[in-house]
Amino acid sequence: MPARTGKEFLQGLKDDRQIWVGDERVRDVAAHPAFAGAARSVAALFDLQHEAADICLMPDPETGELINVSHTIPRSSGDLERRHACLERIAEFSVGIMGRTPDYLNVTIAGFAGRADEWAAHGNDRGAANLVAFQKEAARRDLSLTHTIVQPTIDKARGDVPSPGDEIALHKVGDTAHGIVVRGARILATLAPFSDELFVYPGAPLAPGTDAYALAFSIPMATPGLTFLCRDSYSVAGNAFDHPLSSRFDEQDAFVIFDDVEVPRDRVFIDANRAAYNTVMTTSWPPNIQQQTMIRASTKLDFAWGLALRMAAAINAQDPETQRMVGEIWAYAELTRGAVVAAVTEAREWPGGMWTPAAGPMHALRSMLPLWFPRVNEILRLIGSHNLFATPSAAQMADEDLRPLIDRYLPGAKGMAAEERVRIFRLAWDFAGSALASRNEQYERFYLASSPRNLARHLAFTDRSRADRLVDRFLKEPY
């Protein structure tokens, strides 16, 4: 089966999945007001890959059928550059707001399959073989995947990973003739309503005595015993004039409950193997997946910079402080773009022949973006000030009595039409101040993990040889 269309994607959402929002079990995800906007947007991404086939599609190496480029296992720096073009095209569709579009897990699983040697270590040969087979299946069926890698926080004093005997965290409880049985909970399944399968893989390393929690697998969303509790919806139904972003791009997040779920044997990638669980994410995974995350971040920052420029122009804010703040966003965007380019320029090959971008530039961005994104939102709100609230609705703009008044009393600077001014500030509010904007700021703060922690861990991922050489020149001089 080649790359799917949006219609085929939407058809795949019609199953018996347990998706809950508020007090309602959602029977038709694509039609429900909480999900319809984002469902259409994800469907549009499946259509986009055909519209931009020269950038986003490639022949399957074995079957020749067209698959999305994000499924490729890079074998050269040229493959990384080709993947960059596809990932950038996808990110531009939602201007970087949707952080878990299907390409995210496409890249993740391709990176895992490209390091089958690493997954096969510690006696996990069967799990590694299952994972390689699943990566091919995901590419050929063009699956949309959600994932969950974080343990629920119950008691911070006990740490962020389960202790032996923890009944809440996801763990294995038995074997069957066909697979394993798992029980417990995990968070945070972003894109859950719009996915075909749930992919579980390692998060934080586990302590001795917790082998039952060392699991990796993938199962269909409608698997019996699997329940998804979605957070409040921030999707605002209606026209794109009033809510240009939140009417389209609320990708959702869900709390996942596994109530004695059977996982088929061929879908188990780590089966209570703590040694494998603790090592498979430590080498090539970060720079591989961060190509996708940082291209998305770069796109989002470019959009924010462009939005700041339009806001300043709408009110003719030429004062030095406004221009300095606009320049601050530009600096974040340019530093991010430069780091992404540098990472591909300095790409490296791993055992098994897979290539990834260099880790150093990506880890530097991972440390700084949780600080930059909240600052960008602050700048947009400072530039917008009260103008973010002077935004008539589409209905008011269409009213034959109100429209002449709006055109007369709410124009933009230097002849800008009132409608353009209103559109600019409605867009800015939806990006930096709405419920969706608040969720996205929280998301940017924590999905990249805390900046202090990443900065403290930088020596584990970076090459310090040049820094040491420059300092040693002076420290090793003879008396």
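No experiment lies behind these values; they were computed from the predicted model shown.

J.: Account for the overall build of the protein, with residues named and values stated.
T.: Within the protein one finds 17 helices and 14 strands. The C-alpha radius of gyration of the protein comes to 24 Å, within 12% of the 23 Å expected for a compact globule of 479 residues. On the principal axes, the C-alpha backbone points of the protein span a range of 80 × 75 × 50 Å. For the protein, the proportion of its 479 residues judged to be buried stands at 53%. Within the protein, counting contacts between residues at least 6 apart in sequence, those at least 24 apart form 77% of the total. Element-wise, carbon and sulfur atoms account for 56% of the exposed surface of the protein, whose accessible area totals about 20800 Å². Where the 51 positive side-chain charges of the protein centre and where its 61 negative ones centre are 3 Å apart.

J.: Summarise the pattern of salt bridges; cite the residues concerned and give the values.
T.: Using the criterion set out here, one finds 38 salt bridges in the structure. Note that Lys156 and Asp160 form a salt bridge whose closest N and O atoms lie 3.0 Å from each other. Because the salt bridges share partners, they merge into one network encompassing Arg231, Asp250, Glu251, Asp253 and Arg439.

J.: Kindly report on the packing of helix α4 (residues 77–93) against helix α9 (residues 285–314), identifying the contributing residues and their values.
T.: Direction vectors running N to C along α4 and α9 enclose 45 degrees, while the axes themselves pass 9 Å from each other. The orientation of α4 relative to α9 falls into the category oblique. Our pair here, α4 against α9, has a crossing hand that is right-handed. Note on element contacts: α9 touches α4 through Asn288, Gln291, Gln292, Ile295, Arg296 and Thr299, opposite Leu80, Arg83, His84, Leu87, Glu88, Ala91 and Glu92. Of the residues contributing to the contact of α4 with α9, the split by class is four nonpolar, five polar and four charged.

J.: I'd like a description of the nonpolar core, backed by residues and values.
T.: By size, the foremost hydrophobic cluster in this structure holds 103 residues, and its most contacted members are Phe228 and Phe258. Broken down by element, the residue count for this core peaks at 12 residues, all from α9. Those residues in contact with Phe228, other than ones at most four positions away along the chain, are Gln18, Ile19, Trp20, Ala189, Ala192, Leu198, Met221, Ala254, Phe255 and Val256. Core analysis: the second largest hydrophobic core is formed by 10 residues, Leu45, Cys56, Val69 and Ala139 among them.

J.: Any chance you could break down the packing of aromatic side chains for me, citing the residues and the numbers?
T.: Taken as a whole and judged by the stated rule, the model has 14 aromatic pairs. Between Phe217 and Phe258 the ring centres are 6.1 Å apart and the planes differ by 90 degrees, which places this aromatic pair in the edge-to-face class. One end of the pair, Phe217, is in strand β9 (residues 215–220); the other, Phe258, is in strand β11 (residues 254–264), with 41 residues separating them in the sequence. Of the residues examined, Phe217 reaches a relative accessible area of 0% and is grouped as buried. In textbook terms, an aromatic cluster arises when at least three aromatic residues are bridged by ring pairs, as seen for Phe112, Trp119, Phe134, Phe199, Tyr201 and Phe269. The ring of Tyr104 has Arg100 sitting right over it, with the charged end atom 3.7 Å from the ring centre. Sitting over the ring of Trp350, Arg348 keeps its end group 3.5 Å from the ring centre.

J.: Please give an account of the sheet that holds strand β12 (residues 268–271) that cites residues and values.
T.: Spatially, four strands are ordered β5-β8-β9-β12 in an open sheet, and the strand pairing comes out mixed. Strands at the two margins of the open sheet, each flanked by one partner only, are β5 (145–148) and β12. Across the sheet, the mean angle separating the axes of adjacent strands is 20 degrees when strand polarity is ignored. Where β9 meets β12, three bridges bridge the pair, whose relative direction is antiparallel. Bridge pairing in β12 places Phe217 opposite Val268. Where helix α5 (residues 103–114) meets the sheet, its contacts fall on β5 and β8 (197–200), and the angle it forms with β5 comes to roughly 70 degrees.

J.: Explain the side chain of Thr210 residue by residue, including any values.
T.: Secondary-structure assignment places Thr210 in the loop between β8 and β9. Ignoring sequence-local partners within four residues, the contact set of Thr210 consists of Pro162, Ser163, Pro164 and Arg274.

J.: Tell me what's going on with the pairing of strand β10 (residues 226–230), and back it up with residues and numbers.
T.: Look at any regular strand and the pattern is simple: side chains alternate between the two faces of the sheet. When you tally the buried positions in β10, you get four out of five residues, the bulk of the element. Relative to β10, strand β1 (residues 18–21) runs parallel, the two sharing four bridges. Within β10, the residue paired with Gln18 across the bridge is Thr227.

J.: Which residues make up the environment of Gly353, and what are the values?
T.: With respect to the element layout, Gly353 can be found in the loop between β13 (348–349) and β14 (355–356). Considered as a pair, Gly353 and Gly6 are 347 residues apart in the sequence and their alpha carbons are 34 Å apart. With sequence-adjacent residues up to four places away left out, Gly353 is seen in contact with Pro74 and Arg75.

Quick notes on the rules
Residues numbered from 1 in each chain as written. Predicted model: local features only at pLDDT ≥ 70, side-chain atom pairs only at ≥ 80, totals over all residues. Heavy atoms only, no water. Helix = DSSP H or I, 4+ residues; strand = E, 2+ residues; numbered from the N terminus. Rg over C-alpha atoms; globule rule 2.2 N^0.38 Å. Buried < 20%, exposed > 50% of the residue type's maximum accessible area, 1.4 Å probe, protein only. Contact = heavy atoms within 4.5 Å. Areas by Shrake-Rupley, 256 points an atom, 1.4 Å probe, with all protein chains shown as cover. Lys, Arg positive; Asp, Glu negative; His and termini not counted. Charge placed at Lys NZ, Arg CZ, Asp CG, Glu CD. Salt bridge = Lys/Arg side-chain N within 4 Å of Asp/Glu carboxyl O. Axes fitted to C-alpha atoms, helices over the stretch in contact; angles between N-to-C directions. Parallel < 35°, antiparallel > 145°, perpendicular 65-115°, else oblique. Left-handed = near helix turned anticlockwise from the far one by under 90°. Nonpolar A, V, L, I, M, F, W, Y, C, P; charged D, E, K, R; others polar. Core = buried A, V, L, I, M, F, W, Y, C linked by side-chain atoms within 4.5 Å. Phe/Tyr/Trp six-rings, centres within 6.5 Å; stacked < 30°, edge-to-face > 60°. Lys NZ or Arg CZ within 6 Å of the ring centre and 35° of its normal. Pairing = 2+ DSSP bridges.

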